[in-house]
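Residue-level structural notes
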Amino acid sequence: MFSIPHHAAVVIERLEHFGYEAYVVGGCVRDSLLNRAPKDWDVCTNATPQQVLGVFKRFNVIKTGLKHGTVTVMVDHQPVEVTTFRIDGEYTDNRHPDAVTFVSRVEEDLARRDFTINAMAYNPTRGLVDAFGGQQDLQAGLIRCVGEPDCRFNEDGLRILRALRFAARYNFDIERETAFSMRRNRHLLENVSVERIFSELKGILIGHGAAGMLLAFPEVFAVFIPELAATFGFDQRNPHHIYDVWTHTAHAVQAIEADPVLRLTMLLHDVAKPACFTTDETGKGHFYRHPEKGAEMAEAILTRLKSDTATLENVVTLVRVHDDAFPTTRPGMRRCIGRLGIPVIEQLFKVKRADQAAQSAHEQEQKKAALRDAALLVDELLDEPPGFTVKDLNINGKDLISIGIKPSPAMGQLLLTLLGEVQDELLPNTREALLERVKMLNIEC
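Structure report, in brief. (Residues numbered from 1 in each chain as written. Predicted model: local features only at pLDDT ≥ 70, side-chain atom pairs only at ≥ 80, totals over all residues. Heavy atoms only, no water.)

**Section: the side chain of Asn118**
Stated precisely, the cut-off is as follows: Helix and strand labels come from DSSP, where a helix needs a run of H or I of at least four residues and a strand needs a run of E of at least two; each type is numbered from the N terminus. When a residue's accessible area, from a 1.4 Å probe over protein chains only, is under 20% of the maximum for its type it is buried; when over 50% it is exposed; and in between it is partly exposed. Contacts are residue-level and defined by heavy atoms, with any inter-residue pair within 4.5 Å sufficient.
Examined against the element boundaries, Asn118 turns out to sit in the loop between helix H4 (106–110) and strand S8 (121–123). Relative accessible area serves as the criterion here: at 5%, Asn118 is assigned to the buried category. Residues in contact with Asn118, not counting those within four places in the same chain, are Gly26, Arg30, Arg113, Arg162 and Phe166.

**Structural notes on the nonpolar core**
Keep this limit in mind: In this description, a nonpolar core means a group of buried Ala, Val, Leu, Ile, Met, Phe, Trp, Tyr and Cys residues linked to one another through side-chain atoms lying within 4.5 Å.
Grouped together as the largest cluster of nonpolar side chains are 108 residues, with contacts concentrated most on Leu15, Leu164, Ile174, Leu201 and Leu267. Contacts of Leu201, omitting those with residues within four sequence positions, involve Phe221, Phe224, Ile225, Leu264, Leu267 and Leu305. Judged by nonpolar contacts, the second largest core, of 16 residues, contains Met411, Leu414, Val422 and Leu434.

**Describing the packing of helix H15 (residues 290–304) against helix H16 (residues 309–321)**
As a reminder, the rule being used: Every axis in this analysis is a line fitted to C-alpha atoms, fitted for helices over the stretch in contact. Angles between the N-to-C directions lie between 0 and 180 degrees. What sets the label is the angle itself: under 35 degrees gives roughly parallel, over 145 gives roughly antiparallel, 65 to 115 gives roughly perpendicular, and the rest give oblique. Each crossing gets its hand from how the near helix is turned against the far one by less than a right angle, where anticlockwise is left-handed and clockwise is right-handed.
For the pair H15 and H16, interaxial distance at closest approach is 8 Å and the crossing angle is 160 degrees. Judged by the inter-axis angle, H15 sits roughly antiparallel to H16. The way H15 lies across H16 gives a crossing that is right-handed. Along the contact surface, H15 presents Pro291, Gly294, Ala295, Ala298, Glu299, Leu302 and Thr303, while H16 presents Leu312, Val315, Val316, Val319 and Arg320.

**Some thoughts on the side chain of Gln347**
Within the secondary structure, Gln347 sits in helix H18 (residues 342–357). Classification of Gln347 as buried rests on a relative accessible area of 15%. Gln347 has contacts with Val261, Leu262, Asn314 and Leu318, leaving out every residue within four places of it along the chain.

**A few points about the packing of aromatic side chains**
Note the threshold: Pairing of aromatic rings covers Phe, Tyr and the six-membered ring of Trp, with a centre-to-centre limit of 6.5 Å; geometry is then stacked below 30 degrees between planes, edge-to-face above 60, and tilted otherwise. Two conditions define a charge located above a ring, namely a distance within 6 Å from the ring centre to NZ of Lys or CZ of Arg, and an angle within 35 degrees of the ring normal.
Under the criterion given, the structure shown has ten aromatic pairs. When the centroid spacing of 5.5 Å and the interplanar angle of 40 degrees are considered together, the rings of Tyr170 and Phe172 count as tilted. Relative accessible area serves as the criterion here: at 8%, Tyr170 is assigned to the buried category. Taken together, the ring pairs connect Phe234, Phe277 and Phe287 into an aromatic cluster. In this arrangement the basic side chain of Lys352 is found over the ring face of Phe326, its NZ or CZ atom lying 5.8 Å from the centre.

**So, the sheet that holds strand S9 (residues 127–129)**
Keep this limit in mind: Note on pairing: DSSP must find at least two bridges between two strands before they are called paired.
Across the sheet, which stays open at both edges, the seven strands sit in the order S3-S4-S5-S2-S1-S8-S9 with mixed pairing between neighbours. The sheet is open, and its two edges are formed by strand S3 (60–65) and S9, each paired on a single side. The sheet shows a mean angle of 30 degrees between the axes of neighbouring strands, taken without regard to direction. Each of strand S1 (22–25), strand S2 (42–45), strand S4 (70–75), strand S5 (78–84) and S8 touches helix H1 (residues 6–17); the most contacted strand, S5, lies at about 40 degrees to it.

See below:
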């Protein structure tokens, strides 16, 4: 069950050799018990930071957080974070302890941790230390706070999102009192940096149980994306939908592959529907221009969360075009590919399939057939020489200059005219044919 890698085993063995206790702790123990490969291996010990530095004086040691008892020991170019057993002082900022006190027993250290599944330690000789029922909660599929939930969340508000992330990752439930406390203390997220919130949000969204967390804790997500609140329970009054906007959103998130860009897109793709809602004379609901409005809202939301530019631009583009019908003609699809690019086209197919998967059965076969036809058309065009952008033309500005055309804005327009004729299959994309057409167009001008 526990296969401690060499670099972590060296740290434990060396600390034990010098008379100290040492354990692997936290996430690596949790994942080992779940038969998952741990990402990192952390060690806790009763050796003080100065004693740890002495034990590893011949190693490369980074003083990561000496004040809080943590150093990083490099073994075979692999980092091992080593932390002295400690208890935390007050958390006046609801994020970090003002001070720590070093202690001698591992159980005291485990008592300060967030959730029972993260509050276990293991030593190859002494075995598993599980003072708070973490192994039992793993078997039951539960996220439960260590001790009093209100205390844990008041110490660090980010733990509310960490609970959601762990539950989503492992498809676990959240224990009843822990869940009540998360809802009760959700305002504490206002003390957390948007960068940390955005990181945790992406972790929640890519989890196997993302939809369950979105549906169970909508008010938590509304703390940092208040624009979502209008979608909660919003009746779409449309035969294409069996869910309210938020429930549709949650199912659409789960229906797409676990990629942060794609899942952020599904989270925000219908965020503008309540603002764009109208009904016709029959009472049927419509959401005209909600993709355009949604793109504006998505940009504002992701900017506020300090998203990286690439993610923001990708998500905003997909939200803007998510409801557009794919062209059915070869020229139209060439122009669509040229405008969006192949990577976005491929993402857009995934977005549309996920959107449809979270809708009613109304016209589903027709929708699936239309997507299949569009995908076949794209494949057909990609098997041919490209003709999607000006760069795909078999001539360029230098070729135009070589036949006497002076550099000017008109040159760019001339290339666009050629591209349009190639896309419309009125002109072959060969150097000879393109140059001959240029001469004709230049004469006509």
